[in-house]
Amino acid sequence: MPQLFLLLGANLGDRITTLGRATDLITQRIGPVIRQSGLYETAPWGVIDQPAFLNQVLMVETRREPEEILNQTQAIEQELGRVRLEKWGARLIDIDLLYYEQLTLQTDRLTIPHPYLHQRRFTLVPLAEIAPAFVHPVLQKTTIELLADCNDTGKATLVLPNKQD
């Protein structure tokens with residue numbers, strides 16, 4: 001079954017509860033979560049005048065196609081109260097598709113792998129926890145190599161270890 005990597009983020013409301021609810025809905029609507037990183041508190045990126053985020057990466061097995069996954073993740077965001085006011089602004093929940101196996105895809109609505117993945121420490125740190133040797137299908141570097149090359153100096157501090165430890 002295809003494997004998918006998702007990044008979850010929240011910086012408003014009860015962040016831990018929201019991420020947990022999102023994970024439950026992803027399991028119900030997209031597929032079982034096979035691995036999940038711990039929760040990392042991270043500095044905002046893009047728009048820096050906002051509260052810190054909690055971020056987590058999930059590895060999910062799915063039978064759904066990428067566009068259908070995007071529809072489901074956006075529906076989950078809306079159900080959990082996401083309102084899109086400002087690009088990279090504060091939000092109750094954000095769910096990004098990072099990878100879908102080794103697929104490369106670019107449509108009007110979706111780019112896989114995620115186009116900013118390699119530039120964001122808040123993505124790479126939790127991804128490295130669960131998939132350190134995964135190779136980026138375009139850049140041909142592992143997660144660990146991408147993290148070593150990343151110029152983002154934002155901190156990513158583990159605040160809650162994953163449930164698998």
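Now for a quick tour of the structure.

1. Considerations on the side chain of asparagine 162
Reasoning step 1: Mapped onto the fold, asparagine 162 is located in the segment after β8 (156-160).
Reasoning step 2: A distance of 2.7 Å separates the side chain of asparagine 162 from the side chain of glutamate 129, its partner in a polar contact.
Reasoning step 3: Sequence-distant contacts of asparagine 162, that is, excluding residues within four places in its chain, are made with Gln36, Ser37, Gly38 and Glu129.

2. Observations regarding the packing of aromatic side chains
Reasoning step 1: Tallied over the full model, the rule gives 3 aromatic pairs.
Reasoning step 2: Between phenylalanine 5 and tyrosine 99, the ring centres sit 6.1 Å apart and the planes meet at 85°, which makes this aromatic pair edge-to-face. Placement of phenylalanine 5 in strand β1 (residues 3-10) and of tyrosine 99 in strand β5 (residues 94-100) is noted, with a sequence separation of 94 residues between them.
Reasoning step 3: On the accessibility criterion, phenylalanine 5 (2% relative accessible area) is buried.
Reasoning step 4: Each ring, one from tyrosine 99 and one from phenylalanine 134, has its centre 4.5 Å from the other, and the planes form 40°; the classification is tilted. You can see tyrosine 99 sitting in strand β5 and its partner phenylalanine 134 sitting in the loop between α3 (121-130) and α4 (143-149), a full 35 residues away along the chain. Here tyrosine 99 matches phenylalanine 134 in class, with each residue buried.
Reasoning step 5: Each residue in the set Phe5, Tyr99 and Phe134 is aromatic and connected to the rest through ring pairs, giving one cluster.

3. Let's talk about helix α2 (residues 66-79)
Reasoning step 1: Helix length check: α2 (14 residues) gives 20 Å between terminal C-alpha atoms against 20 Å at 1.5 Å per residue, within 8%.
Reasoning step 2: The set of residues buried in α2 consists of Pro66, Ile69, Leu70, Thr73, Ile76 and Glu77. All buried residues of α2 lie within an arc of 125° about the axis, which places them on one face of the element.
Reasoning step 3: In this fold, the buried residues of α2 make contact with β1, α1 (15-29), β5, β6 (105-106) and β7 (111-112).

4. Points about a nonpolar patch on the surface
Reasoning step 1: A surface patch of nonpolar side chains, amounting to about 250 Å² of accessible area, comprises Ile16, Val159 and Leu160.
Reasoning step 2: When you line up the elements, valine 159 lands in strand β8.
Reasoning step 3: The exposure class of valine 159 is partly exposed, given its relative accessible area of 43%.

5. Describing unusual backbone geometry
Reasoning step 1: The amide bond that connects isoleucine 112 to the next residue, proline 113, takes the cis arrangement and shows omega of 0°.
Reasoning step 2: Looking at the secondary structure, you find proline 113 in the loop between β7 and α3.
Reasoning step 3: At glutamate 101, a position not held by glycine, the phi torsion is positive, near 50°.
Reasoning step 4: Structurally, glutamate 101 can be placed in the loop between β5 and β6.

Criteria and thresholds
- Residues numbered from 1 in each chain as written.
- Predicted model: local features only at pLDDT ≥ 70, side-chain atom pairs only at ≥ 80, totals over all residues.
- Heavy atoms only, no water.
- Helix = DSSP H or I, 4+ residues; strand = E, 2+ residues; numbered from the N terminus.
- Polar contact = N/O pair within 3.5 Å; in protein donor to acceptor, adjacent residues only side chain to side chain.
- Contact = heavy atoms within 4.5 Å.
- Phe/Tyr/Trp six-rings, centres within 6.5 Å; stacked < 30°, edge-to-face > 60°.
- Buried < 20%, exposed > 50% of the residue type's maximum accessible area, 1.4 Å probe, protein only.
- Expected span 1.5 Å × (residues − 1).
- Arc of directions from axis to C-beta.
- Patch = residues over 30% accessible without salt bridge, like charges linked within 9 Å, V, L, I, M, F, W, Y side chains within 5 Å.
- Areas by Shrake-Rupley, 256 points an atom, 1.4 Å probe, with all protein chains shown as cover.
- Salt bridge = Lys/Arg side-chain N within 4 Å of Asp/Glu carboxyl O.

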